[in-house]
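Structural characterization, general
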Amino acid sequence: MLGHVIDDFAKEYLHSDLREIREAMLRKLDGLSEYDVRRPLTSTGTNLLGLVKHLAAWEARYFGEVFDRPFPGVIPERGTDLWATEHETLEEIIGRYRRVWEHSDATIAALPIDAPGRVPWWPSPDVMLFNILVHMLTETSRHAGHADILREHLDGSVDLAPTKDPAFWKSRHSEITRAARAASERL
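These remarks concern the structure in this document. (Residues numbered from 1 in each chain as written. Predicted model: local features only at pLDDT ≥ 70, side-chain atom pairs only at ≥ 80, totals over all residues. Heavy atoms only, no water.)

Moving on, we get to the pattern of salt bridges. Across all of its chains, the model carries 14 salt bridges by this definition. One salt bridge connects Lys28 with Asp148, and the closest N-O pair in it is separated by 2.7 Å. One end of the pair, Lys28, is in the loop between α1 (2-27) and α2 (34-38); the other, Asp148, is in helix α5 (residues 129-155), and 120 residues separate them in sequence. Glu88 is the salt-bridge partner of Lys53, the closest N and O atoms lying 2.8 Å from each other. Residue Lys53 is located in helix α3 (residues 48-63), and its partner Glu88 is located in the loop between α3 and α4 (90-110); the two are separated by 35 residues in the primary sequence. Here the two residues Lys53 and Glu88 agree in accessibility, since each one is buried. Connected through salt bridges with shared partners, the residues Arg22, Glu59 and Asp105 form a single ionic network. (Salt bridge = Lys/Arg side-chain N within 4 Å of Asp/Glu carboxyl O. Helix = DSSP H or I, 4+ residues; strand = E, 2+ residues; numbered from the N terminus. Buried < 20%, exposed > 50% of the residue type's maximum accessible area, 1.4 Å probe, protein only.)

Glancing now at the packing of α3 against α4. Interhelical geometry of α3 versus α4 gives an angle of 25° and a closest axis separation of 9 Å. Between α3 and α4, the angle is such that the two are roughly parallel. As for how α3 packs across α4, the hand of that crossing is left-handed. Residues Leu49, Val52, Lys53, Leu55, Ala56, Glu59, Ala60 and Phe63 of α3 lie in contact with α4, whose contacting residues are Leu90, Ile93, Arg96, Tyr97, Val100, Trp101, His103, Ser104, Thr107 and Ile108. Partitioned by chemical class, the residues of the contact of α3 with α4 number 12 nonpolar, three polar and three charged. (Axes fitted to C-alpha atoms, helices over the stretch in contact; angles between N-to-C directions. Parallel < 35°, antiparallel > 145°, perpendicular 65-115°, else oblique. Left-handed = near helix turned anticlockwise from the far one by under 90°. Contact = heavy atoms within 4.5 Å. Nonpolar A, V, L, I, M, F, W, Y, C, P; charged D, E, K, R; others polar.)

Okay, here's the thing in structure tokens:
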């Protein structure tokens, strides 16, 4: 009996965190122009909308294909999921991501945390729902961190400390720069 309670708690805990980080991911697009959500901000082409498209594709695969519950919509081909073409709209990609959430949430609700799945592209392909929940929470959090940095570079927006004003961050930046210079001169 206790094991079942712990399993339910673990599943809800991980699922709740996944739902929260998905929303945080989309907040990174708020108020930006069509160009700014799409433009590459690193030498490898990383961009905000591409991260959302990528997360939608892989979440659809992990909570769909892995548990023999295929996502009913179109999933971008592997290798085309990290950027948006000129023919894909912002609304289309966000809408797909939200539909993927609904599909994933239904899979999570329908299966016990130890439900078996198979990830053929992993070295150890036999998994449980628990493994996939942890994997997608980790993957989404990782990309949300990328998105935090990209958004900050675009317009200085930070989601972590909304109570801090720009003067605080300017002062903090100066303090860190001073410490970096002092350390490099000392070594």
